[in-house]
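The lines below spell out each chain.
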Amino acid sequence: QVQLVESGGGLVQPGGSLRLSCAASGRTFSNYAMGWFRQAPGKEREFVARISWSGGSTYYADSVKGRFTISRDNARNTVQLQINSLKPEDTAVYYCAADRGVGYGYKNPLQYGSWGQGTQVTVSS
């Protein structure tokens, strides 16, 4: 499995921006499609974005389209999530995850076999 560590979260005012990063180690990072999920208190973990192993394909939840951008650098074993125009409802713990190649569908957390510890994003004035 690949080990994942997220960073870049914090407290930001509505309308602000953050850049989350996920550093991978262990097995060959470029073999994995990667996803970002988030989980707010009392809510289920929800899909945010996904990027293919090559970076050539990206997918987003409707709630973040146009505001969030996922990217990856396979040479540095990192995946990033640029989040702009933040809203209070974006407040959550954000997790990166590595696709394990099963058939649950890319929006389902069960599709992913390795998870980071999460980074807190709080949007508040």
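Up top you'll find the structure we're talking about.
Locating T28 in the fold gives a position in the loop between β3 (18-26) and β4 (34-39). Relative accessible area serves as the criterion here: at 44%, T28 is assigned to the partly exposed category.

A few words on the side chain of R72. As for its placement among the helices and strands, R72 is situated in strand β7 (residues 68-73). Although R72 is buried, it forms no salt bridge, and the closest oppositely charged side chain is D73 at an N-O distance of 8.2 Å. For R72, the side chain forms a polar contact with the main-chain oxygen of W53, separated by 3.4 Å. Within polar-contact distance, the side chain of R72 engages the side chain of N74 at 2.7 Å.

For the rest of this paragraph, the subject is the packing of aromatic side chains. Under the definition given, this model contains seven aromatic pairs. Centroid distance Y59 to Y106: 4.8 Å. Interplanar angle 35°. Geometry classified as tilted. Taken together, the residues span a long stretch of sequence, with Y59 in strand β6 (residues 58-60) and Y106 in the loop between β9 (92-99) and β10 (112-115) at a distance of 47 residues. Their ring planes at 80° and their centres at 6.3 Å tell us that Y95 and W115 sit as a pair that is edge-to-face. In this pair, Y95 sits in strand β9 while W115 sits in strand β10, placing the two residues 20 residues apart along the sequence. By relative accessible area, which is 13% here, Y95 ends up buried. Three or more aromatic residues link up through ring pairs in this structure, and these residues are F37, F47, Y59, Y95, Y106, Y112 and W115. A cation over an aromatic ring shows up here: R45 above the ring of Y95, its NZ or CZ 3.8 Å from the ring centre. Just above the ring of W115 sits the side chain of R45; from NZ or CZ to the centre is 4.7 Å.

Parameters and conventions
Residues numbered from 1 in each chain as written. Predicted model: local features only at pLDDT ≥ 70, side-chain atom pairs only at ≥ 80, totals over all residues. Heavy atoms only, no water. Helix = DSSP H or I, 4+ residues; strand = E, 2+ residues; numbered from the N terminus. Buried < 20%, exposed > 50% of the residue type's maximum accessible area, 1.4 Å probe, protein only. Lys, Arg positive; Asp, Glu negative; His and termini not counted. Salt bridge = Lys/Arg side-chain N within 4 Å of Asp/Glu carboxyl O. Polar contact = N/O pair within 3.5 Å; in protein donor to acceptor, adjacent residues only side chain to side chain. Phe/Tyr/Trp six-rings, centres within 6.5 Å; stacked < 30°, edge-to-face > 60°. Lys NZ or Arg CZ within 6 Å of the ring centre and 35° of its normal.

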